[in-house]
Amino acid sequence: MNGRASRGTSSPGPDDLTTIDPVCGMSVQPGANQSSYEYGSKTYHFCGAACLEKFKLAPEKFAASTAPIADVVGDGAGQSSPGVTEYICPMHPEIVRNAPGSCPICGMALEPRVPAAAEDNRELVNMRRRFWLSVALAVPVVVAGMADLAFPETFERVVSTTSIGWLQFILTTPVVLWCGLPFFERGWRSIVNRSLNMFTLIALGVGIGYTYSAVAILIPGIFPSSFRGPGGDVPVYFEAAASIVTLVLLGQVLELRARGRTGAAIRALLGLAPKTARKIIDGRDEDIPLDQVRPGDLLRIRPGEKVPVDGTVVEGASSVDESMVTGEPIPVEKHQGDRLIGATINGTGAIVMRADRVGAETLLAQIVRLVADAQRSRAPIQKLADTVAGYFVPGVIAAAAVTFAVWAMVGPEPRMAHALINAVAVLIIACPCALGLATPMSIMVAMGKSATVGVLFKNAEAIEIMHKIDTLVVDKTGTLTEGKPKLVSVNAASGFEEKEILRLAGSLERGSEHPLAGAIVIGAESRGLTLVSCEDFASTPGMGVSGTVEGRKVALGNLAMMKQLGVELELASIAEKIRSEGQTAMFVTVDRKLAGVVAVADPIKATTPEAIRQLHEDGVKVVMLTGDSAVTARAVGKKLGIDEVVAEVLPDQKADVIKRLQHEGRVVAMAGDGVNDAPALAQAQVGIAMGTGTDVAMESAGVTLVKGDLQGIVRARLLSRATMANIRQNLFFAFVYNALGIPVAAGIFYPLFGLLLSPIIAAAAMSFSSVSVVGNALRLRNVTI
């Protein structure tokens, strides 16, 4: 055996892949803080020294159990690269493997990180097969056991107790050793990995009950009198072992089926994408597979067809149903230059579009990736369940040991038999599966639900905090307003003409990407003016732009820029009147002389007033944050009933405003759509990006509103509130269930009422507790938001 251990000394490069610890199965990023070991010309990486030492003892055993994995959302909407599918644990997202299996921490079946369009139900099929075989064999075992207890004399005249025992032994053996094999495998791995879980308890309970009963049948003479009943026979519990396996399998089948439905939202999104596109090639139409579409291709979309990829209308007009992506039922009118979203449905008009984003770059693919990643993230409230679970299983084993000891010492005859059966009941009923599932299942369902109404949560923390928000800070342009300003008027100073001012301003603004610049350029072109090139173009964030047009120094900007240039503002009264009407006034200078004032208006979104009203009713303070002039900002704020207006702020000052509000003890959400909003979005407790904005803003935010209006924030808060209530219900049920179940199973009521809890009943209660948690989480799919 040749191998060499090392401790990494360099950070991982850009080409490094995440690898799997071959011992525990956790995903590991090779780097400075990870242990590694060279074996068989390959380097293996480990989460810690303990796993490294285990590997060194038997490297040939572990070497084949790992392979590199990659984070991919392949060339299609949410599809992985060819041959690569990541499987992840719903309770422990750090466990990532490239093949189906079970989690080494909790033992749960792994599931695909991004569900495929067709559900992967291999684990469900396997469990269902084992379940039906166990039912067929366990029913006669239970019937025989119960009949022997209910009618011992009548039953023994037909068949002897020994014969019944052997029949139960023969039928129970395949139930335990084959049908229940996955539970023993997972239980053993939990011990090897030092991560005790629900399958540890199941394996112990079933294993003890079956082994004891098998020994009682095969060599009954070794048992002392304390194990024997009144007739001198050693009681066996094959029906308990068989029933526990059957009921746990039933719970697994129901749980896997319910867990499969949590990915229904993603599968529905994947199913939205069309399979082909109609590409225009040399003037003729040709149907091609969707994965062959490239940016720049011209695609024809006929009435009733789906938009194949994200792009722009270049010819024709139509109304497009975007409800499957934005959640808004009203079709949106589309004309030349308007944006199209892939997978939406064209209405009655025929249009030609230019493909802009394809494959993994489309909005649909990004939604699928965001939802899948968010479903696997961990909410802060999960820490409570994790802390409890860490001590829970050892505590249950200790409780079972105490139960056995107490019954063995002071219980009724046969004392040892009673001690054994009650200890097994404690082990079985206390399985912490419901506790572990309480948070992840609710988060998974909520993330899928949110995607269907145009709200994308980046992680579980965002959905937990969203309902706690008491202050919403909003950018004006593109958030409160349409973000599509229009030129309203041009006011010339003495010595200048309106057309000349507009031509120079339009020529200058052609180099800017600001929405206001686009309004000036379009306004100039619509008036038939010919724009020329601009040299030495420069942009001053939060102020304006400057450059040289036809040898003349031209600048366009706000009051702060004029002060910086030292320009006298003889049109200040006109600018003030423009701003008082909620329009934006921009000064134009030519060779450091004021040439005129350009007025641009950005219409308020139709949904904004109602959204602000609903937020106020919900107790949320709304603050508008803008680089626009104070007069314009106040006019817009008064019109909308905004609580506080902070105007004339530069991009780097927006985050400072967020910090000020946070220092006042407020829980702040920031909504914006531009690159200049990214620092403020990151500073806020919850950043909210408009889906109509920039990618940088969406990357900085915890929530993205696909349609880009404030109604999405109202929906996000409603869903956050419903999700947290659902999680609390699950946690309460799980905690109370275990708090009551363990003492009952231990026999606390036996001295008072002669009540004992059969391991069969304990198994049924344990199985249905986890199913009930998943079922409660699925109720979120029907929440009206």
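Definitions and limits used
- Residues numbered from 1 in each chain as written.
- Predicted model: local features only at pLDDT ≥ 70, side-chain atom pairs only at ≥ 80, totals over all residues.
- Heavy atoms only, no water.
- Helix = DSSP H or I, 4+ residues; strand = E, 2+ residues; numbered from the N terminus.
- Contact = heavy atoms within 4.5 Å.
- Salt bridge = Lys/Arg side-chain N within 4 Å of Asp/Glu carboxyl O.
- Buried < 20%, exposed > 50% of the residue type's maximum accessible area, 1.4 Å probe, protein only.
- Lys, Arg positive; Asp, Glu negative; His and termini not counted.
- Phe/Tyr/Trp six-rings, centres within 6.5 Å; stacked < 30°, edge-to-face > 60°.
- Lys NZ or Arg CZ within 6 Å of the ring centre and 35° of its normal.
- Expected span 1.5 Å × (residues − 1).
- Axes fitted to C-alpha atoms, helices over the stretch in contact; angles between N-to-C directions.
- Pairing = 2+ DSSP bridges.
- Core = buried A, V, L, I, M, F, W, Y, C linked by side-chain atoms within 4.5 Å.
- pLDDT = per-residue confidence, 0-100.
- Parallel < 35°, antiparallel > 145°, perpendicular 65-115°, else oblique.
- Left-handed = near helix turned anticlockwise from the far one by under 90°.
- Nonpolar A, V, L, I, M, F, W, Y, C, P; charged D, E, K, R; others polar.
- Patch = residues over 30% accessible without salt bridge, like charges linked within 9 Å, V, L, I, M, F, W, Y side chains within 5 Å.
- Areas by Shrake-Rupley, 256 points an atom, 1.4 Å probe, with all protein chains shown as cover.

Undergrad: Is there a simple way to explain the overall build of the protein chain in this structure?
TA: Secondary structure assignment for the protein chain yields 28 helices and 30 strands. Sequence-distant contacts in the protein chain: of pairs separated by 6 or more residues, those separated by 24 or more amount to 67%.

Undergrad: Which parts of the structure should I look at to understand the pattern of salt bridges?
TA: Pairing is possible between side chains of opposite charge, provided their charged atoms come close. With the rule as written, the count across this model stands at 18 salt bridges. The salt bridge involving Arg660 is made with Glu664; its shortest N-O contact spans 3.2 Å. Residue class for Glu664 comes out partly exposed when judged on its relative accessible area of 48%. Shared partners join several salt bridges into a network, and the residues in it are Arg278, Asp287, Arg302 and Glu305.

Undergrad: Could you clarify how one ought to interpret the side chain of Glu509 in this entry?
TA: With respect to the helices and strands, the residue Glu509 is situated in helix H17 (residues 498–509). One buried charged residue, Glu509, remains without a salt bridge, the closest side chain of opposite sign being Arg510 at 10 Å. Once residues lying within four places of it in the same chain are set aside, the contact partners of Glu509 are Ala517, Ile520, Val521, Val545 and Leu556.

Undergrad: Quick question: what am I supposed to make of the packing of aromatic side chains here?
TA: We describe a pair of aromatic rings using the distance from one ring centre to the other and the angle between the two ring planes. Across all of its chains, the model carries 6 aromatic pairs by this definition. Ring pairs connect the aromatic residues Trp166, Phe169, Tyr210 and Phe238, which therefore count as one cluster. The positively charged end of Arg130 is found above the aromatic ring belonging to Trp178, 4.4 Å away from the centroid.

Undergrad: Can you help me understand the environment of Leu502 in this one?
TA: Positionally, Leu502 belongs in helix H17. A C-alpha to C-alpha distance of 9.5 Å links Leu502 and Arg527, two positions 25 residues apart in sequence. Excluding its chain neighbours within four sequence positions, the residues that come into contact with Leu502 are Leu487, Val490, Ile520, Gly523, Ala524, Arg527 and Leu529.

Undergrad: Help me out: how do you make sense of helix H13 (residues 415–429) in this one?
TA: Note on helix geometry: an α-helix contains 3.6 residues per turn, so any two residues three or four positions apart are oriented the same way. Spanning 15 residues, H13 covers 21 Å between terminal C-alpha atoms, matching the ideal 21 Å at 1.5 Å per step. For H13, the buried fraction is high: 14 of the 15 residues fall into the buried class.

Undergrad: In this structure, what is going on with unusual backbone geometry? I would like to understand it.
TA: Among all residues save glycine, negative phi is the norm, and among peptide bonds the norm is trans. The backbone of Asp536 shows a phi angle near 55°, a positive value even though the residue is not glycine. When you line up the elements, Asp536 lands in strand E21 (residues 535–540). Residues other than glycine seldom take positive phi values, yet Asp591 does so here, at roughly 55°. Tracing the backbone through its elements, the reader meets Asp591 in the loop between strand E24 (584–590) and strand E25 (593–601).

Undergrad: What am I meant to see in the packing of helix H21 (residues 608–617) against helix H26 (residues 711–746) here?
TA: In a packed pair of helices, the relevant descriptors are the angle between the two axes and the axis-to-axis distance. Where H21 contacts H26, the axes come no closer than 8 Å and their chain directions differ by 30°. Contact with H21, carried on its side by Glu610, Ala611, Gln614 and Leu615, involves Gln711, Ile713, Val714 and Arg717 of H26 and no other residues of that element.

Undergrad: Which parts of the structure should I look at to understand the side chain of Thr608?
TA: Along the polypeptide, Thr608 turns up in helix H21. Relative accessible area serves as the criterion here: at 0%, Thr608 is assigned to the buried category. Here Thr608 is in contact with Thr479, Leu480, Leu640 and Leu710, once residues within four sequence places are set aside.

Undergrad: Is there a simple way to explain the sheet that holds strand E13 (residues 318–321) in this structure?
TA: Picture the strands of a sheet paired through backbone hydrogen bonds; they go either parallel or antiparallel. Spatially, the 3 strands line up as an open sheet ordered E14-E13-E16, and their pairing is antiparallel. Strands with a single pairing partner mark the edges of an open sheet, and in this sheet they are strand E14 (332–334) and strand E16 (345–346). Sheet topology places E13 next to E16; 2 bridges connect them, and they run antiparallel. From the neighbouring strand, Asp321 faces E16, where its bridge partner is Ile345.

Undergrad: I keep staring at the sheet that holds strand E6 (residues 87–88) and nothing clicks. Help me out?
TA: In spatial order, the strands read E7-E6-E8; together these 3 strands make up an open sheet with antiparallel pairing. Whereas interior strands pair on both sides, the edge strands pair on one side only; in this sheet they are strand E7 (96–97) and strand E8 (111–112). Across 2 bridges, the pairing between E6 and E8 is antiparallel. Opposite Ile88, over in E8, you have Glu111 as the bridge partner.

Undergrad: What's the story with the nonpolar core in this structure? I'm lost.
TA: Most often, soluble globular proteins have nonpolar side chains that are buried together. Formed by 58 residues in total, the largest nonpolar core has its most connected members in Phe457, Leu472, Ile688, Val703 and Ile713. Top contributing element to this core by residue count: helix H14 (residues 433–451), with 8 residues. Every residue in contact with Leu472, bar those within four places of it in the chain, is listed here: Leu615, Val620, Lys621, Val622, Val623, Ala669, Ala671, Ile688 and Ile713. Formed by 40 residues, the second largest nonpolar core is a distinct cluster that contains Phe199, Leu256, Ala417 and Leu420.

Undergrad: Please clarify how the environment of Glu255 should be interpreted in this entry.
TA: With respect to the helices and strands, the residue Glu255 is situated in helix H8 (residues 238–262). The exposure class assigned to Glu255 is buried, which follows from its relative accessible area of 3%. Spatially, the C-alpha atom of Glu255 lies 5.4 Å from that of Val771, the residues being 516 residues apart in sequence. Those residues in contact with Glu255, other than ones at most four positions away along the chain, are Met108, Leu437, Ser770, Val771 and Val774.

Undergrad: What should I look at first to understand the confidence of the model for the protein chain in this one?
TA: In low-pLDDT segments, the atomic positions of the prediction should not be examined closely. Summing up the model confidence of the protein chain, the mean pLDDT is 78 and the portion of residues at 70 or higher is 78%. Confidence drops under a pLDDT of 50 for residues 1–17, and excluding neighbours within four residues, the segment shows 36 contacts in the predicted structure.

Undergrad: How do you make sense of the environment of Asn782 when you look at a structure like this?
TA: Inspection of the secondary structure assignment puts Asn782 in the segment after helix H28 (759–778). Note on Asn782: relative accessible area 65%, which makes it exposed. Between the C-alpha atoms of Asn782 and Lys449, which are 333 residues apart in sequence, the distance is 8.6 Å.

Undergrad: When you look at helix H22 (residues 630–640) in this model, what are you seeing that I'm missing?
TA: Buried residues of H22: Val631, Thr632, Ala633, Val636, Gly637 and Leu640, and no others. Where H22 ends, the next residue or the one after it, Gly641, has phi of about 75°, a positive value.

Undergrad: Just checking my understanding: could you explain the packing of helix H7 (residues 198–218) against H13 for this structure?
TA: In contact at an axis separation of 8 Å, H7 and H13 are set at 155° when each is read in the N-to-C sense. With respect to H13, the element H7 is oriented roughly antiparallel. In this structure, the crossing between H7 and H13 has a hand that is left-handed. Contact residues: Leu201, Ile202, Leu204, Gly205, Val206, Ile208, Gly209 and Tyr212 in H7; Ala417, Leu420, Val424, Leu427 and Ile428 in H13. Residue classes in the contact of H7 with H13 are distributed as 11 nonpolar, 2 polar and no charged.

Undergrad: What exactly am I supposed to notice about the pairing of E24 here?
TA: The two faces of the sheet receive side chains in turn, since in a regular strand these alternate between them. Across the 7 residues that make up E24, a large majority, 7, are buried. Going residue by residue along E24, you find Thr584, Met586, Val588 and Val590 tucked away on one face and Ala585, Phe587 and Thr589 tucked away on the opposite face as well. Relative to E25, E24 runs antiparallel, the two sharing 7 bridges. Along E25, the bridge assignment pairs Ala585 with Ala599. In sequence, E24 turns back onto E25 through a hairpin of 2 residues, with Asp591 there showing a positive phi of about 55°.

Undergrad: Teacher, can you tell me more about a nonpolar patch on the surface here?
TA: A cluster of nonpolar side chains, Ile748, Phe749, Leu752, Phe753 and Leu755, forms an exposed patch at the surface whose accessible area comes to about 540 Å². Tracing the chain through its elements places Phe749 in the loop between H26 and helix H27 (750–753).

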